[in-house]
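Given next are the chains, with one letter for each unit.
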Amino acid sequence: MSAPSAQGGKFGSRMGFIFAAAGSAIGLGNIWRFPYTTGEYGGAAFVLVYIGFVVLIGVPVLLAELSIGRASGKNPVGAFAALDPGEKKRWSLVGGLGVLTGFGILSFYAVIAGWTVSFLIRALSGTFAGGMTPEQSGELFTDIIASPGETVGMSAVFLLLTALVVRGGVSGGIERAAKILMPVFFLMLVILAGRAVTLPGADAGLRFLFAPDFSKLTPAGVMSALGQALFSLSLGMGAMITYGSYLQKKERLPVAGISVAIFDTLIAILAGLIIFPALFSAGATGAKGPGLVFVVMPAIFDKLPAGQAFGVAFYALLAVAALTSTMSLLEVVVAYFVGQRGWSREKAVWVVSGACFLMAVPSALSQGAVDGLGADVLGESFLDIMNILWGNVALGLGALLIAVFAGWRWGVNKAVEEMGGMPGGALWGIAVKYVCPIGIAVIMIYSLVNWEFL
Ligand code: PFF
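Attention here is on the structure that accompanies the text. (Residues numbered from 1 in each chain as written. Predicted model: local features only at pLDDT ≥ 70, side-chain atom pairs only at ≥ 80, totals over all residues. Heavy atoms only, no water.)

1. Describing the site of the ligand
In step 1: In the region of the ligand, 15 residues are neighbours, and A25, G29, Y109, F231 and M237 sit closest.
In step 2: The backbone of L28 places a nitrogen or oxygen atom 3.2 Å from an oxygen atom of the ligand.
In step 3: A distance of 2.5 Å separates an oxygen atom of the ligand from a polar atom in the side chain of Y109.
In step 4: Protein chains bury 100% of the 340 Å² of accessible surface belonging to the ligand in isolation.
In step 5: Grouping the constituent residues of the shell around the ligand by class yields seven nonpolar, eight polar and no charged. (Near = heavy atom within 4 Å. Polar contact = N/O pair within 3.5 Å; in protein donor to acceptor, adjacent residues only side chain to side chain. Areas by Shrake-Rupley, 256 points an atom, 1.4 Å probe, with all protein chains shown as cover. Nonpolar A, V, L, I, M, F, W, Y, C, P; charged D, E, K, R; others polar.)

Set out below in structure tokens:
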């Protein structure tokens, strides 16, 4: 969802802010990334660990980011500089890491968002009419992602859309539209989940999602669950600092933050409730990896009345959800160049999205279009490496430093005061001072030392 301009704009209302923050949080992370990482790391045990991280680490860091943003009223780099009591303002480097991470995430996120546009076009032209087996949709997916013109072109289209919105031209319109579209998306996911869980053989999918088998949980799975919790809530890179800076002083942060976390988690679980029952019902348990959602969804549309229209609406709404997330990613980088470097918003938007497009090209080409960028050469594809490096490792490091800053440097009392006082303030203090830094550090060191994050 759009933020007001970085030149001191504010959200008009609490709902405006909640929708913007929820718009940033809810996106491909919930519908694309959550199901496939859950599939990769064994199902229910991963989901439980992920939910644990949302509560113990996600919510505290979310509140830390929002209060850092609102107290300073600045972009991530400016925010740390403003609140760092030290002379040298070294903590602004954490903001710098966040800006870099936003750029890195946007560069591969735009590629996946481009795939949703490709599928939307297929849905509109009737490709899914009459139903598709997972084999057929798998072939379609492989064709699309291996076509250099289409993947690079669609990434460009998506970055262009994002740039136009962040530039300010249509942001009001998008905001108004998304206020209606997000609830529609939610309703649609509920209907799809309702259909998926009643498919024959769906119970195996439900068991996969809800009956934990902890023996399947690996250290890499734990690291990914942490990364997923942060990624899904848009944490660890200053997106919520930036949005917090546009928030009016009278708003109470804890209510807003916790509502966003609840919505976001619900939507991820709903996505799981669609994908796994449908997957097991179609007997396509072999489908996995980043293509999971794209391969499974076409199989379920024709099981619904007006399935065709459903398909179109699904991809269209998914693209909108992705757009409200890419907007926040670009906004972080743009707010930095406007706030710290004195660039005009116009210049920042075009330079950053242009550069991001160049970064997106190798990711777009790494899915079969060009030899040398894929898993056969690099161990993981270039896109996967970007996803893990920025989406797990950099966000983890960022979240750790943000928690340390809020808990030890800026200080719990000041932060709690900024939040408008809150009943659980002392608990929050323990979380950002001890639980988050120690928890994240242990997980990251373990997985880095064992090279388990790749
Ligand atoms: N939270 C978004 C999603 O789940 O799709 C992705 C994202 C947006 C991550 C913004 C980080 C961020 F700052």
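2. Description of the packing of aromatic side chains
In step 1: In the structure shown here, the tally under the stated rule is 24 aromatic pairs.
In step 2: With 6.1 Å between their ring centres and 35 degrees between their planes, Y109 and F231 make a pair best called tilted. Taken together, the positions of Y109 in helix α5 (residues 92–124) and F231 in helix α10 (residues 219–232) put the pair 122 residues apart, joining distant regions of the chain. Note on accessibility: Y109 and F231 belong to one class, buried.
In step 3: For the pair F128 and F301, a centre-to-centre distance of 6.5 Å together with 50 degrees between the ring planes defines the contact as tilted. A residue pair is termed long-range when its members are at least 10 positions apart, and F128 in the loop between α5 and α6 (134–146) and F301 in helix α13 (residues 292–301) qualify at 173 residues. For the residue pair F128 and F301, the accessibility class agrees, reading buried in each case.
In step 4: In this structure an aromatic cluster arises from ring pairing among W115, F119, F128, F141, F294, F301, F314 and Y315.
In step 5: The ring of F231 has R33 sitting right over it, with the charged end atom 4.2 Å from the ring centre.
In step 6: Across the ring face of W343, the terminal group of K347 is positioned such that the distance to the ring centre comes to 4.2 Å. (Phe/Tyr/Trp six-rings, centres within 6.5 Å; stacked < 30°, edge-to-face > 60°. Helix = DSSP H or I, 4+ residues; strand = E, 2+ residues; numbered from the N terminus. Buried < 20%, exposed > 50% of the residue type's maximum accessible area, 1.4 Å probe, protein only. Lys NZ or Arg CZ within 6 Å of the ring centre and 35° of its normal.)

3. Here's the deal with the side chain of S232
In step 1: Within the secondary structure layout, S232 lies in helix α10.
In step 2: In this view, S232 contacts A25, N30, Y50 and D264; residues no more than four positions away in its chain are not counted. (Contact = heavy atoms within 4.5 Å.)

4. Structural notes on helix α12 (residues 253–281)
In step 1: Helix length check: α12 (29 residues) gives 42 Å between terminal C-alpha atoms against 42 Å at 1.5 Å per residue, within 8%.
In step 2: The element α12 is extensively covered by neighbouring structure, given that 21 of its 29 residues are classed as buried.
In step 3: Remark: G283 follows α12 within two positions and exhibits a positive phi of approximately 70 degrees. (Expected span 1.5 Å × (residues − 1).)

5. Some points on a nonpolar patch on the surface
In step 1: On the surface, I51, V55, L56, W408, L427, I430, Y434, V435, I438 and V442 cluster together into a nonpolar patch covering about 960 Å² of accessible area.
In step 2: Within the residue set of the nonpolar patch, elements represented by two or more residues are α3 (44–72) and α18 (425–449).
In step 3: Ranked by residue count, the leading element in the nonpolar patch is α18, at six residues.
In step 4: Inspection of the secondary structure puts L56 in helix α3. (Patch = residues over 30% accessible without salt bridge, like charges linked within 9 Å, V, L, I, M, F, W, Y side chains within 5 Å. Salt bridge = Lys/Arg side-chain N within 4 Å of Asp/Glu carboxyl O.)

6. Points about the packing of α5 against helix α7 (residues 148–166)
In step 1: Axis separation between α5 and α7 bottoms out at 7 Å; the angle between their running directions is 105 degrees. When the axes of α5 and α7 are compared, the pair comes out roughly perpendicular. Across the interface between the two elements, L106, A110, V111, A113, G114, W115, V117, S118, I121 and R122 from α5 touch E150, T151, M154, S155, F158 and L159 from α7. (Axes fitted to C-alpha atoms, helices over the stretch in contact; angles between N-to-C directions. Parallel < 35°, antiparallel > 145°, perpendicular 65-115°, else oblique.)

7. Description of the nonpolar core
In step 1: Core analysis: the biggest nonpolar cluster contains 166 residues, and L192, M297, F314 and W428 have the highest contact counts within it.
In step 2: In terms of residue count, the dominant contributor to this core is helix α14 (residues 307–341) (18 residues).
In step 3: Ignoring sequence-local partners within four residues, the contact set of L192 consists of I274, M297, I300, F301, L304, F310 and F314. (Core = buried A, V, L, I, M, F, W, Y, C linked by side-chain atoms within 4.5 Å.)

8. Here we look at unusual backbone geometry
In step 1: If you check the backbone angles, S234 has positive phi at about 60 degrees while not being a glycine.
In step 2: Tracing the chain through its elements places S234 in the loop between α10 and α11 (239–245).
In step 3: When its relative accessible area of 12% is taken as the criterion, S234 is described as buried.
In step 4: Its identity is not glycine, yet A306 carries a phi of approximately 55 degrees, on the positive side.
In step 5: Position of A306 among the secondary structure elements: in the loop between α13 and α14.
In step 6: What makes A306 exposed here is its relative accessible area of 54%.

9. Topic: the pattern of salt bridges
In step 1: Counted according to the given criterion, the structure contains seven salt bridges.
In step 2: Between R70 and E418 there is a salt bridge whose closest N-O contact spans 2.9 Å. Of this pair, R70 sits in helix α3 while E418 is found in helix α17 (residues 382–418), placing the two residues 348 residues apart along the sequence.
In step 3: In this structure, D84 and R409 form a salt bridge, with 3.0 Å as the shortest nitrogen-oxygen distance.

10. Notes on the environment of I402
In step 1: Inspection of the secondary structure assignment puts I402 in helix α17.
In step 2: On the accessibility criterion, I402 (2% relative accessible area) is buried.
In step 3: Each C-alpha atom, one on I402 and one on G95, is 9.0 Å from the other, the two residues being 307 residues apart in sequence.
In step 4: Contact partners of I402, with chain neighbours within four places excluded, come to V61, A64, E65, I68, F80, V94, G236 and M237.

Just distances and angles here, no functional claims.
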